[in-house]
Amino acid sequence: MSHDAGKNSTVKFRRRLTTIFPTLPAILLLGVCFLIPIISLLTVSFYSYVSNAVGGVDPSRRFTLINYIEFLNSRAYTNIFWNTLTISLISAIAGLVISYPVAYYLSRPGKSKIKRLVFLLIVVSFFMNAIVRLYAWLLMLGDSGVVNLMLSFVGIAEVRFLNTPFAIEIAIVHWTLPIIVMTLVGSLRNIPTSLYEASTSLGASSSHTFLHVTLPLSLPGIIASILLAFTLNMGAFIVPVVLGGGIVQMLASQIFLEFVEVANYPFGATMATVLLVVTLSASYGINKLLGTKVTIK
Amino acid sequence: MINRRFAKGVREAAFIIVVVLVLVFLYAPTSITFIMSFDPRGYAANFPPVGFTLKWYESFLSDPTLLLGLRNSLIIAAASMVLSLIVAVPPAYIFVRHSFAGKEVLTTLFLSPLIVPGIIAGVALLTFFSSIGFLNSFPNLIIGHVIITFPYVFRVVIASLTGFDRSVEEASLSLGASWIQTLANVTLPLISPALVAGAVMTFAVSMDDLSVSLFLSDTQSFTLPVVLFSLLRAMFSPVIAAASTVLMVGTFVVIAVVEKTVGLDKLLALYQ
């Protein structure tokens, strides 16, 4: 009997082992090389800056709130923070407004070759690399760029686009658009077709059906995609570094400069913590709304 | 009736116009980069081009720094693709087939690189590696790339395993095949489209990455996008257009292969 029980627990133990063992490398990788670095980043934000230390991190590692106090007290940094929120929100809403009709078109029942092609073109555009995009926007938005060339044809004088929030917003929307479309398509496809049929067969016009069936039912998807776009926009740093030209800064581009150019890790880590708190709160909202675990980049 | 049909026609036309405008918005800027990469004028030339030349592609292919960047990018992308598959596929299999305490927490951990902004991952790794004095850039870059690509493989394999009928595996086992034989001859072939999709996504993300690479590169170990980014900040040269176009065309070719073999829809498991 006891022998049997022993055998049973060995089997259990071996089964436990076969479940844990394949997961171990992943746990080690993400635990040691992702979770711990993020925690150490958060800790560095509580150390003071010493100019001749590695990364400017105080070697004595004494706890201080000085970076947070400096961040909150400096007009320049709070401005960057508000700029970041505004630019991210404007781009998220603009992205949604542009994406919704396309997502609606793609998610309507019925298959067609054109729909498939549109769908593929949108997915593929997601894979255009950042450098091609940045170079493109410099060509498009420069003082004698393509947009100004077109404006001159209709008699509008040269408009300054580069180094303005607008340049950053348009480039960000260009980047997040395919992701927003896909998120919306996912949520629109979840609406059962029978609801449209019921609405139409009861005599509702298609605009009535849209306003009273489709739109309310896709509301969680709409809010989720705004939040998703917002978190992506908050994290964008390459775009503001290049198209903001040092005049328009966002939190993420300022973090980049603090780490790469100033080598002030403690202050960079402070802004990174602020950024992380805002984006994680938004992601939490998405998970609550969609009931899923993830967002995508 | 005619009125209604007319209204429907107008609505259809409106949809088509909006969709076309969005596609123009998505593709026009990058097409202009592509066109300008053949412009013979040097720095800061504006659209439209005044001629046709391949000299920017030639200077890309004869620039040792850019070529080293390309070589590094390819090695790092290939290494992180293989490593991501090795590290992410087994846990994905276990997570679908077994339930155990702590699975929820681990899932969150495994997918967290998608939720945390890329720049945070980049600076966190930089801070971490510099604090432990691990300053060997090449391995650091590979570790960074495996971390940001891991969730794609993990998720696409989970989606694929959840979708297929488990009785096929059970049939194989009850007919006397060992679990290794079942895994190799039944399960892996069934999820191979997902593996292809995950591998391609990993490769593409790694080849284009800047968010982690910018922080982990040094003067010897740097990727092509990192060199191009610093060039772009310093000057506006058509070489950048040529090199980034090559990079983009490479990605598109790989995606076309995916579409022809397993179908791009597989990649969409990554979107939901």
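None of these values were measured; they are calculated from a predicted model. All residue numbers refer to position in the chain's written sequence, counted from 1. Each chain is given a letter, starting from A, and each ligand a number, starting from 1, according to the order in which they appear as written. Local features are withheld for residues below a pLDDT of 70 in this predicted model, meaning they are given only at 70 or higher, and side-chain atom pairs are given and counted only at 80 or more; totals for whole chains, interfaces and linings count all residues.

A description of the overall build of chain B should follow, citing residues and the corresponding values.
Scanning chain B from N- to C-terminus turns up 12 helices and 0 strands. Radius of gyration here uses only the C-alpha atoms, and the compact-globule reference equals 2.2 Å multiplied by the residue count raised to the power 0.38. Its C-alpha radius of gyration of 23 Å places chain B more than 25% over the 19 Å reference for a compact globule of 272 residues. If one aligns the C-alpha atoms of chain B with their principal axes, the spans along those axes are about 75 × 70 × 30 Å. Counting other C-beta atoms within 10 Å of a residue's own tells you its class, since 20 or more makes it buried, 12 or fewer makes it exposed, and anything in between is partly exposed; those C-beta atoms are placed from the backbone. For chain B, with 272 residues in total, the buried portion stands at 44%. Throughout, a pair of residues is in contact if the C-beta atoms placed from their backbones lie within 7 Å. In chain B, the share of contacts with a sequence separation of at least 24, taken over all contacts with a separation of at least 6, comes to 77%. Runs of E in the DSSP output that reach at least two residues are strands. Runs of H or I that reach at least four are helices, and both are numbered from the N terminus.

So, the overall build of chain A: which residues are in play, and what are the values?
On a plain count of helices and strands, chain A comes out with 12 helices and 0 strands. At 25 Å, chain A has a C-alpha radius of gyration far larger than the 19 Å of a compact globule built from 297 residues. Along the three orthogonal principal directions, the C-alpha set of chain A runs to about 75 × 70 × 30 Å. Counting the 297 residues in chain A, one finds 41% classified as buried. For chain A, long-range pairs separated by at least 24 residues make up 69% of all intrachain contacts whose partners lie at least 6 apart in sequence.

Got a sec to walk through the packing of helix H9 (residues 206-235) of chain A against helix H12 (residues 265-290) of chain A? Specific residues and values, please.
All names here are of chain A. Running from N to C, H9 and H12 point in directions that differ by 160°, and their axes come no closer than 9 Å. In this view, H9 runs roughly antiparallel relative to H12, as classed from their interaxial angle. Helix-helix and strand crossings are classified by hand; for H9 and H12 the assignment is left-handed. On H12, the residues that touch Pro-220, Ile-223, Ala-224, Leu-227, Leu-228, Phe-230, Thr-231, Met-234 and Gly-235 of H9 are Leu-275, Val-278, Thr-279, Ala-282, Ser-283, Gly-285, Ile-286, Leu-289 and Leu-290. Three classes are used: nonpolar for Ala, Val, Leu, Ile, Met, Phe, Trp, Tyr, Cys and Pro, charged for Asp, Glu, Lys and Arg, and polar for all others, with Gly counted as polar. Within the contact of H9 with H12, the residues separate by chemical class into 13 nonpolar, 5 polar and no charged. To get an axis, a line is fitted to the C-alpha atoms, and for a helix only the part in contact is used. The angle between two axes follows their N-to-C directions and goes from 0 to 180 degrees. Angle categories are assigned with fixed cut-offs, so that under 35 degrees is roughly parallel, over 145 is roughly antiparallel, 65 to 115 is roughly perpendicular, and the rest are oblique. If you view the pair so one helix is near and one far, a crossing is left-handed when the near helix is turned anticlockwise from the far one by less than a right angle, and right-handed when it is turned clockwise.

Would you mind going over helix H4 (residues 113-125) of chain A in detail, with residue names and values included?
All names here are of chain A. With 13 residues, H4 should reach 18 Å at 1.5 Å per residue; the first-to-last C-alpha distance of 18 Å fits that figure. Among the residues of H4, those classed as buried are Val-118, Ile-122 and Ser-125. Buried residues along H4 cover an arc of 65° about the axis, so they all sit on one side. Facing away from the buried surface of H4 by more than 90 degrees, the exposed residues are Lys-113 and Leu-117. Helices are assigned an expected span. That span is 1.5 Å times one less than the residue count. Note: the arc covers the axis-to-C-beta directions of the helix.

Any chance you could break down the packing of helix H5 (residues 130-141) of chain A against helix H10 (residues 224-234) of chain B for me, citing the residues and the numbers?
The geometry of H5 of chain A relative to H10 of chain B is characterised by a closest axis approach of 10 Å and an angle of 15° between their N-to-C directions. Classified by the angle their axes make, H5 of chain A and H10 of chain B are roughly parallel. Of the two possible hands of crossing, H5 of chain A and H10 of chain B adopt the one that is left-handed. Here Ala-130, Ile-131, Leu-134 and Tyr-135 of chain A of H5 of chain A come into contact with H10 of chain B, specifically with Pro-225, Leu-228, Phe-229 and Leu-232 of chain B. Class assignment for the residues of the contact of H5 of chain A with H10 of chain B results in 8 nonpolar, no polar and no charged.

Describe the interface of chain A and chain B, with residues and values.
Listed by partner, the interface residues are 75 residues for chain A and 75 residues for chain B. Ranked by residue count, the leading element in the side of chain A that touches chain B is helix H1 (residues 2-44) of chain A, at 17 residues.

Please set out the environment of Thr-202 of chain B residue by residue, giving values where relevant.
Residue placement: Thr-202 of chain B occurs in helix H8 (residues 179-208). In this structure, the C-alpha to C-alpha distance between Thr-202 of chain B and Arg-4 of chain B, residues 198 residues apart in sequence, is 49 Å.

Describe unusual backbone geometry, with residues and values.
Within the chain, Arg-61 of chain A stands out as a residue other than glycine whose phi angle is a positive 50°. Summarising the element assignment, Arg-61 of chain A is placed in the loop between H1 and helix H2 (66-73).

I'd like to hear about the confidence of the model for chain A, residue by residue, with values.
Per-chain confidence: chain A averages 88 in pLDDT, with 95% of residues scoring 70 or above. Every residue gets a pLDDT, meaning the predictor's confidence in that residue, from 0 to 100. Counting contacts from residues 293-297 of chain A, a segment whose pLDDT is below 50, to residues more than four positions away or on other chains yields 19 contacts.

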